[in-house]
Amino acid sequence: MTPKNTDSMEKTKLPDRTDRRAFLLAGLGIATTAVVVMPSSPGNFAARPVERSLKEADFYRPHDRAG
Amino acid sequence: MTTVVCELCPRYCAIPDGGAGDCRIRVNLKGRLIATTFGRPSSVHIDPMEKKPLYHFFPGTPIFSLATAGCNLHCLNCQNWQLSQRGGEEMEEIYHAPPEMIVATARAERCQSIAYTYSEPIVYYEYVHATAQLAREAGLNNCLISAGYINERPLRQLCRVMDAANIDVKGFTEDFYRRICSATLAPVLRGLVVMREEGVWVEVTLLIIPGENDDPLQVRGLARWIHDEMGADTPLHLSRFHPHYRMQNLPPTPVDTLLRCRQMALDAGLHFVYVGNVIGNGGESTYCPHDGTLLIERFGLVIKENHLLAGGRCPVCGNPLPGVWT
Ligand SMILES: [Zn+2]
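The structure reproduced in this document is the subject of the present report. These numbers were taken from a predicted model, which means no experiment stands behind them.

Procedures and definitions
- Residues numbered from 1 in each chain as written.
- Chains lettered and ligands numbered in written order.
- Predicted model: local features only at pLDDT ≥ 70, side-chain atom pairs only at ≥ 80, totals over all residues.
- Heavy atoms only, no water.
- Helix = DSSP H or I, 4+ residues; strand = E, 2+ residues; numbered from the N terminus.
- Polar contact = N/O pair within 3.5 Å; in protein donor to acceptor, adjacent residues only side chain to side chain.
- Contact = heavy atoms within 4.5 Å.
- Donors = N, O, S within 2.8 Å, 3.2 Å for Na, K, Ca; no water.
- Buried < 20%, exposed > 50% of the residue type's maximum accessible area, 1.4 Å probe, protein only.
- Pairing = 2+ DSSP bridges.

**A short note on the side chain of E126 of chain B**
Consideration 1: Within the secondary structure, E126 of chain B sits in helix 3 (residues 125-137).
Consideration 2: Within the structure, E126 of chain B has its side chain in polar contact with the backbone nitrogen of D58 of chain A (distance 2.8 Å).
Consideration 3: Sequence-distant contacts of E126 of chain B, that is, excluding residues within four places in its chain, are made with K55, E56, A57 and D58 of chain A together with R26, A35 and F38 of chain B.

**Here's the deal with the coordination of the zinc ion**
As a benchmark, a tetrahedral metal site with four donors has ideal angles of 109.5 degrees, while an octahedral site with six donors has ideal angles of 90 or 180 degrees.
Residues and elements named next belong to chain B.
Consideration 1: With distances of 2.3 to 2.8 Å, the protein atoms coordinating the zinc ion are C288 (SG), D291 (OD), D291 (OD), C314 (SG) and C317 (SG).
Consideration 2: Counting gaps between the donor residues of the zinc ion yields the pattern C-x2-D-x22-C-x2-C.
Consideration 3: On the accessibility criterion, C288 (5% relative accessible area) is buried.
Consideration 4: According to the relative accessible area criterion, D291 is partly exposed, its value standing at 33%.

**What to know about the sheet that holds strand 15 (residues 294-299) of chain B**
Neighbouring strands of a sheet are bound in pairs by backbone hydrogen bonds; such pairs are parallel or else antiparallel.
Residues and elements named next belong to chain B.
Consideration 1: In spatial order, the strands read 14-15-16; together these 3 strands make up an open sheet with antiparallel pairing. Because the sheet does not close on itself, it has two edges, and the strands there are strand 14 (286-287) and strand 16 (302-306).
Consideration 2: Relative to strand 16, strand 15 is paired through 4 bridges, and the arrangement is antiparallel. Note that in strand 16 the partner of E297 across the bridge is E305.

Listed below in structure tokens is the structure:
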């Protein structure tokens, strides 16, 4: 299942410490409020214009060569 | 001008110079196929493992989750269409995150696992593979959350660095795949067998869409297929449809329908059938297949009680619960 992810376009931000604590508690098997299922965005990615990757793909061939 | 053929997925897109594959993100640049979203995710979060959903793989632990734009399916009901049905350049946010940065951040955030998820990791294959390789060297687990629409050779290579997968089987007829997803079913089933052969822990999801794939032919059919080809211990997640994207005309799946489908799958011999996207439905906890003991009690994505002993053993009969626990 791919969860609904309308927050996917949110700016990267440091997670709220309360959320983080609730999440950790959930990890320990302690039920807390619904906040634990809210995704938190980890902090150290730069959201900025990023050059398109020039990484060559695997698994392709020229069209004129048989597969 | 050199046209190339992408051999990653069953579409075998013939891509002219300057063009992109059906996934929008594999681009022909003067005869070289470029993975344009390599190191450029548009969605990065820490989720509970249960959200993937993986219920028999390190329950209750946080999993570092990422996705780039692009997908090789075009499901009418896509929940993540803003991410999946776009090319890399159309995203409002693109992060600079090469594989080593993903692994370092996952470790810094104390995540033992990384999920390649949300859109479709198959189409950003090279990024997944490179990151997963580094993650494995660092002692982290890798989880593929995918529709599994990929050719066998790349899949086998990917399986060597994957620990677990949740594969979203969309329906159980070719007609469903053609009409709703613009894809085909057979390669997905083949891929599931390949993953089992390669030793990846696999759980399967079927999103139940009312009137489209909730009939006995499909639900029982898939459950029997899983039972026969993957084994009765393969968890099946039946999850609730909500109207999204180009399928806003249907209501959310009635809970009764989900419970009826669950019973069909249990009757087909599967040991672990879960109902997802409905909180408190009675079909979200794990019971011992030998004696019925409640082993993991869940409420939504939260684990209320985990009674498993070391090694994932049942406290009553001592049998290990199928899955990966330590
Ligand atoms: Zn038992």
